[in-house]
Amino acid sequence: MGRIRRAAVVLCAAMAASACAAEQAGTTVNVYYSTEENFTKVIAACNDAAGGRYKIALNVLPREADGQREQMVRRLAAGDTDMDILGLDVTWVAEFAEAGWIAEWTGADKAEVERGTLEGPLTTARWKDKLYAAPKNTNVQLLWYREDLVPDPPSTWAEMLDQAEALRAQGKPSTVLMTGAQYEGLVVQFNTLVASAGGKILSDDSTKAVVDEGAVRALQALKDLATSPVSSPSLSNAKEDDIRLAFQGGNAAFELNWPYVYAAMGKANPDLATRFKWAPYPSIDEGKAGTVTIGGFNLAVSEYSEHKPEAFEAAKCLRSAENQKFSAINSGVPPTIESVYADPDMAGPYPMRDAILEQLKTAAVRPLTPAYQNVSTLISTILSPPSAIDPQATADRLRKELQDALDSKGVLP
């Protein structure tokens, strides 16, 4: 009987090991991510690297940021275990971490992510001094201009308007294109100008609405553009792709937009592309460099994932230096790992890489708060349309209503 029992135990152990191997081979790591050109090729490369231990499956989120957030928030609030890796806009990490929806990065995983990653993008991945996401790609806006119209690009906001108005007086293309619609794009422009003016929207601990003198100066800059004759008639409805298409049409002199417009111009208007150049985002003060707002996406692991070890490993692969280089060259998204910018292969397809890296080293983040969605909604509502801004009065209103939102007393517009 003893030998029979031992044989049965050995057989059961063998069956369990076999079942475990079969289960491991069948592990699927679900990635929820926005539309990004060529991202499926990055996933395929990581699946090859996994060697069959798991398979990454892409679940494409809506193109619009609000739709992405809504879908993830609803599923996470319900404790959905099918979500493993989440592609988060840089403004969502604090909210998701505070809600307990994403897992902290610790130990060797944390060290690997932090090694060589630019501090600005890392700041967007932290909450309360803990790392909750791995920066996959970053983003900063540049000033795009036509070299045949503007031999020397402006360094300040006022100079940009002066140059554009001089072109208009000569009957040349002169429009200054900016995202002025009532959405996040307008918030980015405001945050950038506030940071350039040395101001603050919220306190460092995100508990108090500051909206100081620097913010008033930023509001004046937005007002100056919106009421200038070189402003686009569609400014108050313009989003990123709207201004990209408008510039490609050949009737504008300046465009404030993300780097993806460079590759798009090469495909849409090869002739104009030869005269399509870039410069740092204009500053508020003469003699002082502008400060841009960081964009991009971070990869977080869901707290409800049943495959956390595989999810952390897969996330590290998706944002590895090799894959960030591929995504930069083929999809136009700026890397978060500093060494990638020095790679010789980046020179041809990413000629603006040095300008991007320089701006990233002094870039600003948007207010880090779990209430960011409320903060963003209020700012975009109060600043729309930009032509109606009354700098001091608008700042006073922002300060009051943002404080109400932070204190959970405000009603979302």
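First, a word on scope: everything that follows refers to the structure included in this document. Since this is a predicted model, take the numbers as computed values, not measurements.

What counts, and at which threshold
Residues numbered from 1 in each chain as written. Predicted model: local features only at pLDDT ≥ 70, side-chain atom pairs only at ≥ 80, totals over all residues. Heavy atoms only, no water. Helix = DSSP H or I, 4+ residues; strand = E, 2+ residues; numbered from the N terminus. Expected span 1.5 Å × (residues − 1). Buried < 20%, exposed > 50% of the residue type's maximum accessible area, 1.4 Å probe, protein only. Contact = heavy atoms within 4.5 Å. Salt bridge = Lys/Arg side-chain N within 4 Å of Asp/Glu carboxyl O. Phe/Tyr/Trp six-rings, centres within 6.5 Å; stacked < 30°, edge-to-face > 60°. Lys NZ or Arg CZ within 6 Å of the ring centre and 35° of its normal. Pairing = 2+ DSSP bridges. Axes fitted to C-alpha atoms, helices over the stretch in contact; angles between N-to-C directions.

1. Observations regarding helix α17 (residues 391-406)
So, step 1. Spanning 16 residues, α17 covers 22 Å between terminal C-alpha atoms, matching the ideal 22 Å at 1.5 Å per step.
So, step 2. Listing the buried residues of α17 in full gives Pro-391, Thr-394, Ala-395, Leu-398, Leu-402, Gln-403, Asp-404, Ala-405 and Leu-406.
So, step 3. Of the surrounding elements, those touching the buried residues of α17 are α8 (184-196), α9 (213-226) and α16 (372-382).
So, step 4. Residue Ser-408 follows α17 closely and has a positive phi angle near 60°.

2. Notes on the pattern of salt bridges
Oppositely charged side chains can pair when the atoms bearing their charge come close.
So, step 1. The full count for this structure, using the stated rule, is 25 salt bridges.
So, step 2. Across the salt bridge formed by Glu-313 and Arg-53, the nearest N and O atoms sit 2.4 Å from each other. You can see Glu-313 sitting in helix α13 (residues 308-318) and its partner Arg-53 sitting in the loop between α2 (39-50) and β2 (55-60), a full 260 residues away along the chain.
So, step 3. Taking relative accessible area as the criterion, Arg-53 reaches 36% and is therefore assigned partly exposed.
So, step 4. Between Asp-148 and Arg-275 there is a salt bridge whose closest N-O contact spans 3.1 Å.

3. Looking at the packing of aromatic side chains
So, step 1. Using the criterion set out here, one finds eleven aromatic pairs in the structure.
So, step 2. A network of ring pairs unites the aromatic residues Trp-144, Phe-247, Tyr-262, Phe-276 and Trp-278 as a single cluster.
So, step 3. When the ring centre of Tyr-183 is taken as origin, the NZ or CZ atom of Lys-239, which lies over that ring, is 5.0 Å away.

4. Comments concerning the sheet that holds strand β8 (residues 175-177)
So, step 1. Overall, mixed pairing links the four strands, which are arranged β8-β9-β7-β10 in an open sheet. The open sheet is flanked by β8 and β10 (276-279), the only strands paired with a single partner. Taken over all neighbouring pairs, the strand axes of this sheet differ in orientation by 20° on average, direction set aside.
So, step 2. As paired elements, strand β7 (residues 142-146) and β10 share four bridges and run antiparallel to each other. Each residue of the ladder has a partner; that of Trp-144, found in β10, is Trp-278.
So, step 3. The strands that helix α7 (residues 157-169) touches are β7, β8 and β9 (252-257); relative to β9, the one it contacts most, it runs at about 150°.

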